[in-house]
Amino acid sequence: MMLTKKQYQLLMFIDERLRARGISPSFDEMKDALDLKSKSGIHRLISGLEERGFIRRLPNRARALEVMRLPENADTPASVHQTPVVPQGFQPNVIKGDFSIPGAQTAGDAAAVQLPLYGKIAAGTAIEALRDNTNTVDIPADMLGVGEHYALEVEGESMIDAGIFDGDTVLIRRADTAANGDIVVALVDDTEVTLKRIRRKGESIALEPANAAFETRICGPDQVKVQGRLVGLMRRY
C-alpha cells in the first residue's frame, strides 16, 4: 500500500524517535520535522497511517503511538526496527522494595537478545514480582518490536484458557496503558504484581483470569497501574 511522501516521512520520524527515546514525538516536533505550518496536517497524516495499518494510537494518552510495520522500501529495514538489545550500562542486581518494572530497550541488529528475567509472576493470586536481574533469558529478536521488554516466569493456572500455563515465560512490552481485553502485568496497590486481562467498567478496573475456577478481581481506578502488555510467550517441553 503506497504512502504519500509526507506520510512516509512522518512514519519514519515516529519510528526513529520511538527506537531512540522509547516515546512518541510531540505534535510540535512532528510539525517542525515535516516543515508543516499547523498541527492539523499532522493529525490528518496520523489518521492516514492508522487507516493503512502502519501505526496505532494507544488509548488514554495523547502522545502514545505504536509503529505496527514499516513499508517495504523503508530506509530503516523492518528487521532493524524489530531487533532488541539490552541498554548499554545494564548491570545485574537485586532491587528490594520497589516493584515498578523496567525493561530492555529495542534497537541494534542481533539475531537474539538477552532479556532480564524478573522472576515469577502469579497467574493465580497476586504476588510480588521478584526483580532479580542476575537472571536473563535468550529471546529471538523477531518476537519483539519497538519499546522496552522484559520477561517473567508464570506461576499458577489462572490464565490457562488464554494458553498461558504454569512455568511459561511471558514476554512483556513495558507500557503504562492498555486497551480493554489486553493481557497485562498489573501493579496492584503499589505492592502486588499479577498477570491478568484488564477491563475498565465505569470507574472500576477488572482484572480477569482466564480460568473459570478463579474469580475476577475488581479494583478502584487508583489501585491498578499497568506495568506492561503481553507480546509473546516461551515454553519448554
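Just above, that's the structure.
Residues numbered from 1 in each chain as written. Predicted model: local features only at pLDDT ≥ 70, side-chain atom pairs only at ≥ 80, totals over all residues. Heavy atoms only, no water.

## Here's the deal with helix 1 (residues 5-21)
Piece 1. Taking 1.5 Å per residue, 17 residues should reach 24 Å; helix 1 reaches 24 Å between its end C-alpha atoms and fits that length.
Piece 2. Among all positions of helix 1, only Gln7, Tyr8, Leu10, Leu11, Met12, Phe13, Ile14, Asp15, Arg17, Leu18 and Arg19 are buried.
Piece 3. Gly22 sits one or two residues past helix 1 and shows a positive phi near 85°. (Helix = DSSP H or I, 4+ residues; strand = E, 2+ residues; numbered from the N terminus. Expected span 1.5 Å × (residues − 1). Buried < 20%, exposed > 50% of the residue type's maximum accessible area, 1.4 Å probe, protein only.)

## Notes on the pattern of salt bridges
Piece 1. In total, this model carries 15 salt bridges according to the counting rule given.
Piece 2. We note a salt bridge from Lys39 to Asp28, for which the minimum N-O separation is 3.9 Å. Here Lys39, found in helix 3 (residues 39-51), pairs with Asp28, found in helix 2 (residues 27-33); they are 11 residues apart in sequence, far enough to count as distant.
Piece 3. Residue Arg56 is joined to Glu66 by a salt bridge in which the shortest nitrogen-to-oxygen separation is 2.9 Å. In this pair, Arg56 is assigned in strand 1 (residues 55-57) and Glu66 in strand 2 (residues 65-67), connecting sequence segments 10 residues apart.
Piece 4. With a relative accessible area of 8%, Glu66 lands in the buried category.
Piece 5. Several salt bridges share partner residues, and in doing so they unite Arg56, Glu66, Arg173 and Arg229 into one network. (Salt bridge = Lys/Arg side-chain N within 4 Å of Asp/Glu carboxyl O.)

## Some remarks on the nonpolar core
Piece 1. Residues Leu10, Leu11, Met30 and Ile46 are the most contacted members of the largest nonpolar core, which totals 21 residues.
Piece 2. Those elements giving two or more residues to this core turn out to be helix 1, helix 2, helix 3 and strand 2.
Piece 3. If you tally residues by element for this core, the top one is helix 1, at 7 residues.
Piece 4. Beyond its immediate stretch of four places on either side in the chain, Leu11 contacts Leu3, Leu49, Phe54, Ile55, Val67, Arg69, Leu70 and Pro71.
Piece 5. In terms of nonpolar packing, the next biggest core, distinct from the first, is built from 15 residues, Tyr118, Met159, Val185 and Ala210 among them. (Core = buried A, V, L, I, M, F, W, Y, C linked by side-chain atoms within 4.5 Å. Contact = heavy atoms within 4.5 Å.)

## Focus on the pairing of strand 10 (residues 204-208)
Piece 1. The buried fraction of strand 10 is high, at 4 of 5 residues.
Piece 2. As defined by bridge partners, strand 9 (residues 192-201) adjoins strand 10 across 5 bridges and the pair is classed as antiparallel. The partner of Arg197 across the bridge, within strand 10, is Glu208.
Piece 3. Count of turn residues in the strand 9/strand 10 antiparallel hairpin: 2 residues, of which Gly202 carries a positive phi of about 65°.
Piece 4. Sheet topology note: the strand 10/strand 11 (residues 217-219) ladder contains 3 bridges and is antiparallel. Note that in strand 11 the partner of Ala206 across the bridge is Ile218. (Pairing = 2+ DSSP bridges.)

## Focus: the pairing of strand 4 (residues 112-122)
Side-chain direction in a regular strand flips from residue to residue, so the side chains alternate between the two faces of the sheet.
Piece 1. Of all 11 residues in strand 4, 8 are buried; the element is thus mostly enclosed.
Piece 2. Summarising the sheet, strand 4 and strand 5 (residues 136-140) pair through 5 bridges and their orientation is antiparallel. Looking at the pairing, Pro116 lines up with Thr136 of strand 5.

## Looking at the environment of Gly232
Piece 1. Note on placement: Gly232 falls in strand 12 (residues 224-234).
Piece 2. Separated by 59 residues in sequence, Gly232 and Arg173 place their C-alpha atoms 9.0 Å apart.
Piece 3. The residues touching Gly232, leaving out its near neighbours within four places in the chain, are Met143, Thr169, Val170 and Leu171.

## Observations concerning unusual backbone geometry
Negative phi values dominate among residues other than glycine, just as trans dominates among peptide bonds.
Piece 1. Its identity is not glycine, yet Asp35 carries a phi of approximately 60°, on the positive side.
Piece 2. Looking at the element boundaries, Asp35 is found in the loop between helix 2 and helix 3.
Piece 3. Taking relative accessible area as the criterion, Asp35 reaches 68% and is therefore assigned exposed.
Piece 4. A positive phi angle is found at Asp189, which is not glycine, with a value near 55°.
Piece 5. Mapped onto the elements, Asp189 comes out in the loop between strand 8 (183-188) and strand 9.
Piece 6. Asp189 sits in the partly exposed class, given a relative accessible area of 37%.

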